[in-house]
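For reference, the chains in residue letters:
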Amino acid sequence: MHDTADDLPHRFLRTAEAGRFLGLSGRTLEKHRVYGTGPRYRKIGGRVVYALDDLKAWADRGLRTSTSDPGAGAVRPARR
């Protein structure tokens, strides 16, 4: 049996969906794209899409175990 597009999990999210996934506004993700501070994205047919793995990896840069944990990276605000 062949899988149809309806049977496949959604691997790519548009900006608004990606924002909801991260708990951010779509506008904040747009600013992150302009400043180069956000998650990796793709342009497909003029549309911006985000892979779930890229969103998770970007969010995981802010992963901490306590308030004193410096962590391995940081998720910066959407500004220069």
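Keep in mind the model is a prediction, meaning the values are calculated, not measured.

Undergrad: Got a sec to walk through the environment of Glu17? Specific residues and values, please.
TA: Inspection of the secondary structure assignment puts Glu17 in helix 1 (residues 15-22). Expressed as a C-alpha distance, the spacing of Glu17 and Tyr50, which sit 33 residues apart in the sequence, is 9.1 Å.

Undergrad: I'd love a proper account of the pairing of strand 3 (residues 47-51), names of residues and values included.
TA: Counting buried positions over the five residues of strand 3 gives four, a clear majority of the element. By the bridge criterion, three bridges tie strand 1 (residues 12-14) to strand 3 in an arrangement that is antiparallel. Residue pairing in the sheet places Arg14 in a bridge with Val49 of strand 3. Note that strand 2 (residues 42-44) and strand 3 share three bridges and pair antiparallel. Paired with Arg42 across the strands is Val49, a residue of strand 3.

Scoring rules and cut-offs
Residues numbered from 1 in each chain as written. Predicted model: local features only at pLDDT ≥ 70, side-chain atom pairs only at ≥ 80, totals over all residues. Heavy atoms only, no water. Helix = DSSP H or I, 4+ residues; strand = E, 2+ residues; numbered from the N terminus. Buried < 20%, exposed > 50% of the residue type's maximum accessible area, 1.4 Å probe, protein only. Pairing = 2+ DSSP bridges.

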